[in-house]
Amino acid sequence: PLPGYAVSLADVSAFHEGSNAAVLKDIDLALRQGERLAVIGSSGAGKSSLLALLSGELPARTGSIAATPATLLTQRTELFEDSLRGNLTLADPKASEARLHDVLAAAGLLADVEAMPQGIDTRLGEGGLGLSGGQSRRLALARLFLRATPLWLLDEPTEGLDGATARDVLGRLSAMAAGRSLVIATHIRREAVIADRIAVIEGGRILDVSRRGEVAFEKALDRLRPD
Ligand code: DUT
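Quick caveat, the model's predicted, so the values are computed rather than measured.

Asker: For this particular structure, what's the right way to read the overall build of the protein?
Answerer: Scanning the protein for helices and strands turns up eight helices and nine strands. Here the protein has a C-alpha radius of gyration of 18 Å; the compact-globule value for 227 residues is 17 Å, and the two agree. Overall, the protein is about 50 × 35 × 35 Å in size when its C-alpha atoms are taken along their principal axes. The 227 residues of the protein split such that 47% are buried.

Asker: Is there a simple way to think about the side chain of Ser 49 in this case?
Answerer: Structurally, Ser 49 can be placed in helix H1 (residues 47-55). Judged by its relative accessible area of 10%, Ser 49 is buried. A distance of 2.9 Å separates polar atoms of two side chains, one belonging to Ser 49 and the other to His 16. Excluding residues within four positions of it along the chain, Ser 49 makes contact with His 16, Val 23, Leu 24 and Leu 58.

Asker: Teacher, can you tell me more about the layout of surface pockets here?
Answerer: Think of a ball as big as a water molecule: rolled over the atoms, this probe shows where empty space is left. Estimates place the volume of the largest pocket at around 300 Å³. Lining the largest pocket are 14 residues, and of these Leu 72, Leu 73, Thr 74, Arg 143 and Arg 147 sit closest to its centre. Listed by contribution, the elements that provide at least two residues to the lining of the largest pocket are strand S5 (70-73) and helix H5 (133-145). Broken down by class, the residue content of the lining of the largest pocket amounts to six nonpolar, three polar and five charged.

Asker: Just checking my understanding: could you explain the pattern of salt bridges for this structure?
Answerer: Per the stated rule, a full pass over the model turns up nine salt bridges. As a salt-bridge pair, Asp 26 and Arg 205 come within 2.6 Å of each other at their nearest N and O atoms. In this pair, Asp 26 sits in strand S2 (residues 24-32) while Arg 205 sits in strand S9 (residues 205-211), placing the two residues 179 residues apart along the sequence. Judged by its relative accessible area of 37%, Arg 205 is partly exposed. A single salt-bridge network, built from bridges that share partners, covers Arg 85, Glu 97 and Asp 121.

Asker: Sorry, what's going on with H5 here?
Answerer: Because each turn of an α-helix spans 3.6 residues, side chains separated by three or four positions in sequence point in the same direction. Taking 1.5 Å per residue, 13 residues should reach 18 Å; H5 reaches 19 Å between its end C-alpha atoms and fits that length. Burial runs high along H5: 12 of the 13 residues are buried. Where H5 is concerned, the buried positions are Gly 134, Gln 135, Ser 136, Arg 137, Arg 138, Leu 139, Ala 140, Leu 141, Ala 142, Arg 143, Leu 144 and Phe 145. Where H5 is buried, its residues touch S5, helix H2 (84-89), helix H3 (97-106), helix H4 (110-114), strand S6 (151-155) and helix H6 (163-176).

Asker: Teacher, can you tell me more about the site of the ligand here?
Answerer: The local shell around the ligand consists of His 16, Val 23, Ser 42, Ser 43, Gly 44, Ala 45, Gly 46, Lys 47, Ser 48, Ser 49 and Gln 75. Within the backbone of Gly 44, one N or O atom sits 2.8 Å away from an oxygen atom of the ligand. One nitrogen or oxygen atom from the side chain of Ser 49 is found 2.6 Å from an oxygen atom belonging to the ligand. About the coverage of the ligand: the protein hides 56% of its 600 Å² of free accessible area. Tallied by class, the residues present in the shell around the ligand amount to two nonpolar, eight polar and one charged.

Cut-offs and rules
- Residues numbered from 1 in each chain as written.
- Predicted model: local features only at pLDDT ≥ 70, side-chain atom pairs only at ≥ 80, totals over all residues.
- Heavy atoms only, no water.
- Helix = DSSP H or I, 4+ residues; strand = E, 2+ residues; numbered from the N terminus.
- Rg over C-alpha atoms; globule rule 2.2 N^0.38 Å.
- Buried < 20%, exposed > 50% of the residue type's maximum accessible area, 1.4 Å probe, protein only.
- Polar contact = N/O pair within 3.5 Å; in protein donor to acceptor, adjacent residues only side chain to side chain.
- Contact = heavy atoms within 4.5 Å.
- 1 Å grid on protein atoms, 1.4 Å probe; cavity = no way out; pocket = protein on both sides within 12 Å on 5 of 7 lines; lining within 4 Å.
- Points joined across faces, edges and corners; volume = space filled by probe spheres on them.
- Nonpolar A, V, L, I, M, F, W, Y, C, P; charged D, E, K, R; others polar.
- Salt bridge = Lys/Arg side-chain N within 4 Å of Asp/Glu carboxyl O.
- Expected span 1.5 Å × (residues − 1).
- Near = heavy atom within 4 Å.
- Areas by Shrake-Rupley, 256 points an atom, 1.4 Å probe, with all protein chains shown as cover.

So far we have only geometry, and geometry alone does not tell us how the molecule works.
The structure is reproduced here in structure tokens:
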């Protein structure tokens, strides 16, 4: 990207494998380093696809795309048949014990881990301990916190967490993200209010982008699930 920018897209279209209809159309988007963008729109509008495009997972068919290295937090958390430690350090094998402790605390998972039979060395997955949906989500966040990329792409980062936990985790996420650029695909108000700008996407097109302080920004927030 241009100096000072994390992302620049011009006239990008993209197709999912095996589909002959563009999932993203005429996408123009520039994101400055350190800027936070929320992407909202109906189910199927293309929010997750835009994150996949920015992560390099979904190729651009036309147009030009430049993005700094990014970490994608998807809606689904993959768990491996390994200890909780192993499930965490796959994000950074060199992380120190203190760092693991810090990211578990920041993800709101420390008390859960301390209550597990072998703590951080408890085995997860089949034959081991199962995690609740909320615990899996928080493990995914702890993994994200270990990834030092300048751009984080978050797909509904606090979906499935109860309101109080979600707000707590969002506060820590915001602090951990200091200096990084964020793109947050969401339909929940609490996740969009931490953004500097909101992009509305429908039918694979960006319809509108508004900035905090503008009336359109408040209107966009009003479309979201209160929480
Ligand atoms: N799609 C595919 N293949 C995929 C993923 C998505 O064909 O591997 C289609 C489904 C949909 C469109 O692309 O018609 C956009 O999907 P996306 O998941 O990007 O939409 P969303 O805005 O993220 O929806 P949601 O809010 O339900 O997550």
